Amino acid sequence: MQSLLESSAFFISLPGWLSWGSVVLILFLFGYRGVPLWLWSVAGLAVLIGFGAPVWLMAIFLFPAILLNLKPLRRVVLSAPLMKLLDALKILPAISETEQTAIDAGTVWVEGELFSGKPDLKRLNSEIYPDLTEKEQEFLDGPVEELCSLVSDWEVFRTKDFTPEAWRYMREKRFFGLIIPDKYGGHGFSANAHSLIVAKLASRCGPLATTVMVPNSLGPAELLMHYGTEAQKNHYLPRLARGEEMPCFALTEPNAGSDAGAMESSGEVFRDANGELMLKLNWDKRYITLAAISTVIGLAFKLYDPDNLLGKGKSPGITAALVPSDREGVELGKRHDPLGVPFYNCPTRGRDVIVPVDAIIGGVDGAGNGWRMLMESLAVGRGISLPAQAIGGAKMAVRTVGAYAAIRKQFGLNIGKFEGIEEPMARVGGYTYLMDAARGYICGALDAGAKPAVVTAIAKYNFTELGREIVNDAMDVLGGAGISRGPRNIVAHSYIATPIAITVEGANILTRTLMIFGQGAIRSHPYALKEIQALMNGDSVQFDEHFWKHVGHVFETMIRTLILSVSRGRLVSSPVSGAAAKYHRKLAWSSASFAFMADMALGSYGGALKMKEKLAGRYADILSWMFLASATLRRYEAEGRRPEDLPFLEWSVEESFHRIQVAFDEIFSEIEVPGLSWFFRGPVALWSRMNRIGKRPSDSTGNKVAQAMQQAGEQRDRLTHGIYMPESRTEALAKYEYALNMTQESFPIYKKLYKAVKSGELKKGNPLKQLQEALSKSIITSEEAEKVRQTEKARFDAILVDEFTLDQYHENFSAGDNRTDAAE
């Protein structure tokens, strides 16, 4: 700052040296650094003096300069009339009560840096990257491993339930109390441990992961821990931890899905014959996981109090209560069939169900606070459960596809050597590396106490969407082995279940088009929320303070965007050196461009931006991929910049910037800025295409990723760390692993046979048919010949698919003796 002041004095004292080039330099320097308004005014005056401007011109300059710098005068002359105009024209979006509750429910984390246009790259690269405690690691290595061994994914899909032994084990080891504190009999695990437990279970069996994760996510335990009375905690939490109570949470209704405010379920306060305050509840809910086997229902409903017995008015609003499932009027026992995936997903209804007012979570104080409870819980839960399930499936896909591509041969070559196979394999490996990076990054923040609702929405949307891409690519590589169901098929059930994850906890279309940017543009923007609140409250002092800072922010991000675009981010100081440095600079460039274009949208559409969902979705894509790139860069540093991981870093981050570029191109072609639409669709769009932030990862990088997935060893183990690895060679994955190891160990022998064919010593053909002649010519030893036989046997066994007699087929695919007794 001192040097900038000295520069102004220099130009005043040496006017002969002043030039238009100097003026432009000062303009860009001040804009890039974001200097305060008063210094702009001093510099402007210095320029006028330096050029020998007449007094009248300096007077014209000084009038707005003084007006803008003297806040009391500015508030009266400019801000007050502007407030009235904005309010009349509805330029800024109004915030409803439910929206305000959702905004207040979470906190702003690193997404605020990305929204600022000037992110603190050191902060992004130094956020906590979590580890497990000894107790958490022991649970993963012990009970979680054991539970996986008790469950067969194929049998669960065939019989539509877990065995009684698996249910008993889940209760005995308190799998339904992962998040419940020790003092109530639970485990009190961190978000990181919770995430890794769900991921390992998901790698074994999707319905198993769902059954465990739902009671540990949004539901009675989570709500009681944060909002329950001491009496409620002491009664329910120990019973939930031990599995003596099976919870469900009933929110969705036929006419209220994503729009929870439209719910019709009701609770009416009344006084019974004994003078006790009671609730009469009526509801019709659907898609409720575990409802059919639940013993306690967490119920969301609209509370009505006609006589104001609670002292909170006649309509306190959305409320959450705990309803014992055995109450008269409760209807349970039915289930939906979500694509044949056998987890308990059910309807529940209640007709004039009577419970005491004490059933409200938090007691009377909790009446009307249900929406806030739900939003605060979802601000955390969206970042754990479904992302963990997605990463478990993704890592299993890496393991499966990598092995299969190495052992499956066509045209005499392992299919993993074909570029057509490498392309989807690179996506599977690259997306998995990126997702696992974001999983750890987010869990570190959650364990530090953050509740970043925008980031967890990013996680839910992108993990489930990338999970869909991964399983589709895995199916393509596996071909017939992917579509033939049976115990040998590892990925088919994940493929079938993928739309469920896309749909629940906020359908992905809604999450992308309304939540990530729609909520993020208000919550995470440096000034937008403060301006809107000041306008709604009629607070001219706060409005003046934040509006003019916002104006300066727009100008600064415009200058910063131009400079970083021309320099391709090279002027930014990277927090790291080496191969990753250029990506940090591109991140700063992307952030500046995003911040400027976000303000263009806010200024151009105002309150109507809520309805521009296609445009908002593209902004959401940019914010998402900037965050995912940030997480990936953090992982690379946290894990010690391993050279062998560099291709995975490069593929993941380059794919992120490519996605960012695509979204920018679409924004430039669609955004409507009054008087300037032509400029963004013409010169800006052309410059963007010529000076791209990113392009698709190179074929060379994809090759390195795909080949690493096919090599047994430490790197492949790290990339897929945390999944369940069965030891018995009767299991499909164990067959793949054994065949891969045998293929890798036998490679030198096959190389000898190949060289012999090339030299003409052996005829081209099946290796097993070459062995006798190769032995007779001493090309290989008898031990090597036996090794080839064992390898070919393992390879053949691994690539087989399941087959059934007609009777077996009928039994397998019409089974489902609905063993609800096992869950009881």
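Caption draft 1: Region of the structure containing unusual backbone geometry. Even without glycine at this site, Phe411 takes up a positive phi of about 55 degrees. Here Phe411 shows up in the loop between strand E8 (409–410) and strand E9 (413–414). Residue Phe411 is classed as exposed on the basis of its relative accessible area, which comes to 76%. Of note in the backbone geometry, Ser778 takes a positive phi value of approximately 60 degrees without being a glycine.

Caption draft 2: Geometry of the nonpolar core. One finds Phe517, Met597, Tyr619, Phe627 and Ile671 to be the most contacted residues of the largest nonpolar core, which totals 116 residues. Ranked by residue count, the leading element in this core is helix H26 (residues 613–638), at 14 residues. In this structure, Leu178, Ala291, Leu299 and Val330 belong to the second largest nonpolar core, which totals 58 residues.

Caption draft 3: A look at the packing of aromatic side chains. If you walk through the whole model with that rule in mind, you get 23 aromatic pairs. Considering the side-chain rings of Phe517 and Phe594, the 6.2 Å spacing of their centres and the 75 degrees angle between planes classify their relative orientation as edge-to-face. Here Phe517 is found in helix H22 (residues 508–523), whereas its partner Phe594 is found in helix H25 (residues 581–605), with 77 residues between them in sequence. Relative to Phe679, the ring of Trp678 lies with its centre 5.6 Å away and its plane at 75 degrees, an arrangement referred to as edge-to-face. On the accessibility criterion, Phe679 (34% relative accessible area) is partly exposed. Here a set of aromatic residues connected by ring pairs shows up, and it is made of Phe115, Phe517, Phe594 and Tyr619. Sitting over the face of the ring of Phe657, Lys586 holds its NZ or CZ atom 5.9 Å from the ring centroid.

Caption draft 4: Spatial organisation of the side chain of Thr319. Along the chain, the position of Thr319 falls in strand E5 (residues 317–324). A distance of 3.1 Å separates a polar side-chain atom of Thr319 from the backbone oxygen of Gly317.

Caption draft 5: Broad picture of the packing of helix H14 (residues 220–227) against helix H15 (residues 230–241). At a minimum axis separation of 10 Å, H14 and H15 run at an interaxial angle of 145 degrees. H15 is crossed by H14, and the crossing has left-handed handedness. On the side of H14, the interface is formed by Pro220, Ala221, Leu224 and Met225, while H15 contributes Gln232, Lys233, Tyr236, Leu237 and Leu240. For the contact of H14 with H15, the residue count by class is seven nonpolar, one polar and one charged.

Caption draft 6: Molecular detail of the pattern of salt bridges. As enumerated under the stated definition, the model contains 46 salt bridges in all. Between Lys395 and Asp436 there is a salt bridge whose closest N-O contact spans 3.1 Å. A residue pair is termed long-range when its members are at least 10 positions apart, and Lys395 in helix H17 (residues 385–407) and Asp436 in helix H18 (residues 419–447) qualify at 41 residues. Residue Lys395 is classed as buried on the basis of its relative accessible area, which comes to 7%. The exposure class of Asp436 is buried, given its relative accessible area of 10%. We note a salt bridge from Arg659 to Glu469, for which the minimum N-O separation is 3.1 Å. Separated by 190 residues along the polypeptide, Arg659 in helix H27 (residues 646–670) and Glu469 in helix H19 (residues 453–478) bring together distant segments of the chain. According to the relative accessible area criterion, Arg659 is partly exposed, its value standing at 24%. Where salt bridges share partners, they join Lys395, Asp436, Arg439, Arg635 and Glu639 into one cluster.

Caption draft 7: Region of the structure containing the side chain of Arg158. Secondary-structure assignment places Arg158 in helix H10 (residues 153–159). You can call Arg158 buried: its relative accessible area is 17%. Within the structure, the side chain of Arg158 is placed 3.0 Å from the side chain of Glu155, a separation counted as a polar contact.

Caption draft 8: Quick look at the environment of Val566. One can find Val566 in helix H24 (residues 540–567). On a C-alpha basis, the gap between Val566 and Ser728 in space is 59 Å, while along the polypeptide they are 162 residues apart.

Calculation rules
- Residues numbered from 1 in each chain as written.
- Predicted model: local features only at pLDDT ≥ 70, side-chain atom pairs only at ≥ 80, totals over all residues.
- Heavy atoms only, no water.
- Helix = DSSP H or I, 4+ residues; strand = E, 2+ residues; numbered from the N terminus.
- Buried < 20%, exposed > 50% of the residue type's maximum accessible area, 1.4 Å probe, protein only.
- Core = buried A, V, L, I, M, F, W, Y, C linked by side-chain atoms within 4.5 Å.
- Phe/Tyr/Trp six-rings, centres within 6.5 Å; stacked < 30°, edge-to-face > 60°.
- Lys NZ or Arg CZ within 6 Å of the ring centre and 35° of its normal.
- Polar contact = N/O pair within 3.5 Å; in protein donor to acceptor, adjacent residues only side chain to side chain.
- Axes fitted to C-alpha atoms, helices over the stretch in contact; angles between N-to-C directions.
- Left-handed = near helix turned anticlockwise from the far one by under 90°.
- Contact = heavy atoms within 4.5 Å.
- Nonpolar A, V, L, I, M, F, W, Y, C, P; charged D, E, K, R; others polar.
- Salt bridge = Lys/Arg side-chain N within 4 Å of Asp/Glu carboxyl O.

Remember, this is a structural readout, not a statement about activity or role.
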